[in-house]
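Each chain is listed here by its residues.
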Amino acid sequence: MNHSISSIPRPALILGLGGLLPFIATAIAVIILDDNGQSGEGLSNEFALYALGAYGAVILSFLGGVHWGRLLHDEGKINQWGPLTLSVVPSLIAWPALLLGTTAMLILLIAGFLFQYVLDRAAAERHEVPAWFGRLRLMLTSGAVLSLSAALLAVLIG
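Given the structure is predicted, the values throughout are model-derived calculations rather than measurements. (Residues numbered from 1 in each chain as written. Predicted model: local features only at pLDDT ≥ 70, side-chain atom pairs only at ≥ 80, totals over all residues. Heavy atoms only, no water.)

> Before we go on, may I ask you to explain the overall build of the protein in this structure?
A count of helices and strands for the protein gives eight helices and zero strands. Ordered by position from the N terminus, the helices and strands of the protein form the series α-α-α-α-α-α-α-α. Burial status across the protein gives 36% buried among its 158 residues. The contacts of the protein with a sequence gap of at least 6 include a subset with a gap of at least 24, amounting to 68%. Just so you have it, the protein exposes about 8,800 Å², and 70% of that area is on carbon and sulfur atoms. (Helix = DSSP H or I, 4+ residues; strand = E, 2+ residues; numbered from the N terminus. Buried < 20%, exposed > 50% of the residue type's maximum accessible area, 1.4 Å probe, protein only. Contact = heavy atoms within 4.5 Å. Areas by Shrake-Rupley, 256 points an atom, 1.4 Å probe, with all protein chains shown as cover.)

Here you go:
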């Protein structure tokens, strides 16, 4: 196993990768289900898009919460507006994304995940979080963004 992957704590790696399964499954569903048709199980493309967007919004909000929680242990930063504000931005991106049309929702979620990755990577480089966290976030953000992008492409060419 790659050293950078092997240094990620096993529970964090397994749970993180497991968290990609809903992204992948719903993106595949968006791709294989046609716009107004149904699969044999009665699932629609519209439902798959909603499920993908809802899961993306939940996870994006969770990522902001990770940083809020981290700040609780930092006496210097818990009293600063900047770090706390940045920790709530993901939720302020995720919620309105759910209120938009499909294309705008997917684009906003992609932008939100990329924004959050920049924050996560910067925190790792400043040693505010363990170095493995930055590597884990790269893998998980890549999976989320690729899934959202595949669904967006399916919508745009569909």
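> Hey, could you run me through unusual backbone geometry in this one?
Negative phi values dominate among residues other than glycine, just as trans dominates among peptide bonds. Phi is positive for H127, close to 65 degrees, though the residue is something other than glycine. As for its placement among the helices and strands, H127 is situated in the loop between α7 (102-125) and α8 (131-157).

> Explanation requested: the packing of aromatic side chains in the structure shown.
Note on aromatic pairs: each is described by the distance of the centres and the angle between the planes. Tallied over the full model, the rule gives three aromatic pairs. Consider the rings of F23 and F113, whose centres lie 5.7 Å apart with planes at 80 degrees: the pair is edge-to-face. Of this pair, F23 sits in helix α3 (residues 21-32) while F113 sits in helix α7, and the two are 90 residues apart along the sequence. Given a relative accessible area of 2%, F23 falls into the buried group. Aromatic side chains W132 and F133 sit 6.2 Å apart centroid to centroid with 80 degrees between the ring planes, which places their arrangement in the edge-to-face category. Classification of W132 as partly exposed rests on a relative accessible area of 23%. (Phe/Tyr/Trp six-rings, centres within 6.5 Å; stacked < 30°, edge-to-face > 60°.)

> When you look at the nonpolar core in this model, what are you seeing that I'm missing?
Proteins that are soluble and globular tend to have nonpolar side chains buried together. Counting residues in each nonpolar core, the largest one holds 28 residues, and the members touching the most others are F23, L106, L109, F113 and L148. At the level of elements, α3, α4 (45-71), α6 (81-98), α7 and α8 are the ones that each hand at least two residues to this core. (Core = buried A, V, L, I, M, F, W, Y, C linked by side-chain atoms within 4.5 Å.)

> Before we go on, may I ask you to explain the packing of α4 against α6 in this structure?
Helix packing for two helices is described by the angle between their axes and how far apart those axes are. Their axes nearest at 8 Å, the elements α4 and α6 cross at an angle of 170 degrees. Taken together, the axes of α4 and α6 lie roughly antiparallel to each other. Across the interface between the two elements, G53, A54, A57, L60, S61, G64, G65, H67, W68 and L71 from α4 touch P83, L84, S87, V88, P90, S91, I93, A94 and L98 from α6. (Axes fitted to C-alpha atoms, helices over the stretch in contact; angles between N-to-C directions. Parallel < 35°, antiparallel > 145°, perpendicular 65-115°, else oblique.)

> What is the right way to read the pattern of salt bridges from this model?
Side chains that differ in sign of charge can pair as their charged atoms come close. Inspection of the entire model under this criterion finds five salt bridges. K77 is paired through a salt bridge with E128; the nearest N and O atoms lie 2.3 Å apart. Linking K77 in helix α5 (residues 75-78) with E128 in the loop between α7 and α8, this pair joins segments that are 51 residues apart in sequence. Taking the relative accessible area as the measure of exposure, K77 reaches 22% and is therefore partly exposed. Looking at E128, the relative accessible area reads 23%, which means it is partly exposed. Two residues, R126 and E128, come together in a salt bridge whose shortest N-O distance is 3.0 Å. Salt bridges sharing partners connect three or more residues here, namely R70, K77, R126 and E128. (Salt bridge = Lys/Arg side-chain N within 4 Å of Asp/Glu carboxyl O.)

> Explain the side chain of T141 here, please?
Considering the arrangement of structural elements, one finds T141 in helix α8. Owing to a relative accessible area of 4%, T141 belongs among the buried residues under this scheme. Within the structure, T141 has its side chain in polar contact with the backbone oxygen of R137 (distance 2.7 Å). (Polar contact = N/O pair within 3.5 Å; in protein donor to acceptor, adjacent residues only side chain to side chain.)

Everything listed here is a matter of geometry and, on its own, says nothing about what the molecule does.
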